[in-house]
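# Chain and residue survey
The chain contents come next:
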Amino acid sequence: MNWSHALRQVEPRPWLVRVDPRLKLLWVATISIGCIWFDSVAMLAALCLVAACPLFAIRFPWRAAAAYAFLVLLVIWSTVSSQGLFYFDTSRPPLFTIVPAFTWLGRNYSGLHFYTEGARYGAGQSLRFVANLLAGSSVALSTSPERLMAALVRLRIPTPLSYMGTAALRSIPLALEEWAALRQAYQLRTGRRGVGRFQLPRIRLLEELRLLEPLLANTLRRASALAFAVQARGFDPRQPRTHFPPLRMRAWEKVACALLVGLWIAALTFSLAKS
Amino acid sequence: MPATIECRRLRCSFPTGDAPALNDVTFSLPPGSVTLLIGQSGAGKSTLLHALAGLLADNVQSLRQGEIDIASHDPQRLPAARRAALVGLVQQSPDTQICTTTVESEVAFGLENLAIESSEIDRRIDEALRLVGLQELRQRYVTQLSGGQRQRLVLAAVLAMRPDILLLDEPLSQLDPGAAAQFLAAIDNLPEGGPTIVVAEHRTVAWRERADQLLVLKEGRLTANLPRDDYAAWDAELWQLRAQDSSVRSKQTAPGASLVEVDRLTFTFDRRRSAVLNDVSFRAHAGERIALLGANGSGKSTLLAILAGLHEPQSGTLKFLGAAAVGLVRQNPDTQLFCRTVRDELAFAPRHAGCSRDEIGERVRDAAERFELTRLLARSPLLLSQGERLRVAVAATFTMRASILLLDEPTTGQDPRHEAQLMHTLTDAVATGGPPQTLIFSTHDLQVARLYSDRVIVLDEGRIIADSAPEPAIEAFEACLRGMVARERGP
């Protein structure tokens, strides 16, 4: 699958694009606080659903949507499995046993079990990660880097950091494009042309790793060219600059921000009272 | 306000270079003038432009001596915003200069850096986009623009800052003739009292009528400073390498057996949109050097990618006859080099083809000699100059000994000497029986098509509109371009 091509086909609905990026950032922060606040798997799963809501206003090519869903499931499955198998806390009743305890050459082995507590812990950790991933990607896919930078600067994040962050975001599709081009060049020179070629996973992994060095070199070259271009256009992170178009929050956005901040305050008060 | 440029005994050197990049350069350019700066690759043209823009010290460790005086300022000593308001720079590749994602935000970027009020930014964006003919595309994403439109966008972004000096570093080198004409029209549109312009360019013809003065750089020294009247002599010197075309043509051979047959080929990236290639049919024979001409987006690169097996056509047939192997070199060498050394790069294809150690060594030696890479064999390809990197990419494909070699814009960004060297090597190989036996290359440079091909295929919106000997096909292409430019300008 050509990821750079897929990224270019992602189309957020215009209303989502127009939402003030400060509100979007506040939304991501609220999801993150929720991840810290909630402990039960059910609540974290609900939080993931809430975090995924803005993604329904973004049109993906179906293959990209399927790949994204697969990635999310893979994260959850792998974390649950690894924690279920290797959880090491004292209270860990096994959910089921894969290999029973046995003795071999005079030594006792405890066997291989799948622990309920481990699975629950893994589910919690992975759902936290997924909730942040969903919220973060909805913002990244529906906000132009320029508006995001304006929002970060207005939120008092230092200009150099804001610019670096948004420039890195912008370079993702370019890096994916370059990677695809490097892979094509590699295939052409090895004589493996065309769709549907088969390769052993280990060989494929080694080939992909081999492309990291030129990818890094090209990224550095592009970063240097971009630095030159922004300097030629008078960019100096230490100097004040204006933003066009200026960010203006609409009434409903202000209300939404107030609600989110209210939620934070309520959560903080509740947790202090509880402790 | 256009400003005078005074440059006195300018000398620039870099820690990595043996000789100074600029040495004792002195000249004076009157306000409002247009100056053409010529010289071979490495002569110091870009260094001079970067020095005039005050951008040398910011990016590379360099030692600059001498004086530059632009409107009583040395740009290097000015804060970034004031410097950018004084001197604007447009470089060769639009892709390395675009700082944002949309047309509007790109023009606004520089104005934001000048801390201009939002209402004034809005007005200036309109003004600058109208000047370059992009006002209809204000809300578009930059990725939706053609190469020519992107270069005009960079020009608009610089002009919006109303600089006193406008520096153009090979702005036409990556544009097809139609896009170049539109860029030049934008320059011609500049109002009376516009900036003083200095343009470095290999393609001097386009600027001959526009420039008032000619500066010639050779190995960092200013060897001539001439008024408009003396152009002919300097043109002749610059293009003398290209004049070797008679020797290329003398090796022309009659077409041999058919190697590839393309029949009614149609291709689209997205079924909801129109076809990128439509009903394309042709045959390529051994001994042929075929140039593909067409405006940006006409389907040249897609056709080459299909021939290389990177895309499956939706309909039509593509038949390789005999044991035809195909090699493809794309325009950007940086996405084609992935080995530690140039030697590994050249040995990569034969090693994967299962050649013996002796055979690999022989192929590497042969390619290194042909493309003048012998002294670079132990170096990392990622650390070479752009021209050298392209030569490595071509040589690395050359060692495949493919019978059909496909090149996508091989001469873009190359100076005439390197361009001639590269194309002579390849066309000579075809003329002497190969490999490669057939060379198919896309280009937007009509001179390259004239000199290095014996057959030209012209594509327009995915269809072949001419397939013949170079001259008649080029005439058909020029007529097609005139139509395109007229359509864009409107009734």
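Here's a quick rundown of the structure.

All right, on to the interface of chain B and chain A then. The interface is formed by 62 residues belonging to chain B together with 46 residues belonging to chain A. Interface area for chain B against chain A, summed over the two sides, is near 4,700 Å², with a carbon-plus-sulfur share of 55%. For chain B, the biggest contributors to the area lost against chain A are B:Glu112, B:Thr335 and B:Phe338; these three give 14% of the whole. Counting across the chain B and chain A interface gives five salt bridges. For the interface between chain B and chain A, the tally reads 19 residue pairs in polar contact (both at pLDDT 80 or more). Of all the secondary-structure elements, those providing two or more residues to the side of chain B that touches chain A are helix H2 (56–59), helix H3 (80–86), helix H4 (103–113), helix H5 (118–132), helix H6 (147–159), helix H12 (342–352) and helix H14 (386–398) of chain B. Looking at the side of chain B that touches chain A residue by residue, the classes come out as 29 nonpolar, 18 polar and 15 charged.

This part covers the sheet that holds strand E6 (residues 165–169) of chain B. All names here are of chain B. Sheet architecture is open: six strands sit in the order E5-E6-E7-E3-E8-E9, paired in mixed fashion. The outermost strands of the open sheet, each flanked by one partner alone, are strand E5 (87–90) and strand E9 (221–227). Between one strand axis and the next, the sheet turns through 15 degrees on average, direction left out of account. Where E6 and strand E7 (residues 196–200) come together, five bridges link them in parallel fashion. Bridging from a neighbouring strand, Leu168 pairs with Val199 of E7.

Further remarks concern the pattern of salt bridges. All names here are of chain B. Per the counting criterion, the structure on display carries 37 salt bridges over all chains. One salt bridge in this structure joins Arg123 and Glu120, with 3.1 Å as the shortest N-O distance. Pair noted here: Arg123 and Glu120 are both in helix H5, with a separation of three residues, about one helical turn. Classification of Arg123 by relative accessible area gives partly exposed; the value is 45%. Among the ionic pairs, Glu471 bridges to Arg450, the shortest N-O distance being 2.9 Å.

Each neighbour pair has its own omega, and for A:Phe244 with A:Pro245 the value is -15 degrees, a cis peptide bond. If you trace the backbone, A:Pro245 turns up in the loop between helix H10 (212–232) and helix H11 (251–274). At B:Arg9, a position not held by glycine, the phi torsion is positive, near 50 degrees. Within the element layout of this structure, B:Arg9 appears in strand E1 (residues 5–13). Taking relative accessible area as the criterion, B:Arg9 reaches 58% and is therefore assigned exposed. Phi is positive for B:Arg162, which is not a glycine, with a value near 50 degrees.

Rules of the game
Residues numbered from 1 in each chain as written. Chains lettered and ligands numbered in written order. Predicted model: local features only at pLDDT ≥ 70, side-chain atom pairs only at ≥ 80, totals over all residues. Heavy atoms only, no water. Contact = heavy atoms within 4.5 Å. Buried area = accessible area lost by both parts, 1.4 Å probe. Salt bridge = Lys/Arg side-chain N within 4 Å of Asp/Glu carboxyl O. Polar contact = N/O pair within 3.5 Å; in protein donor to acceptor, adjacent residues only side chain to side chain. Helix = DSSP H or I, 4+ residues; strand = E, 2+ residues; numbered from the N terminus. Nonpolar A, V, L, I, M, F, W, Y, C, P; charged D, E, K, R; others polar. Pairing = 2+ DSSP bridges. Axes fitted to C-alpha atoms, helices over the stretch in contact; angles between N-to-C directions. Buried < 20%, exposed > 50% of the residue type's maximum accessible area, 1.4 Å probe, protein only.

Function cannot be read off these values alone, since they describe shape.
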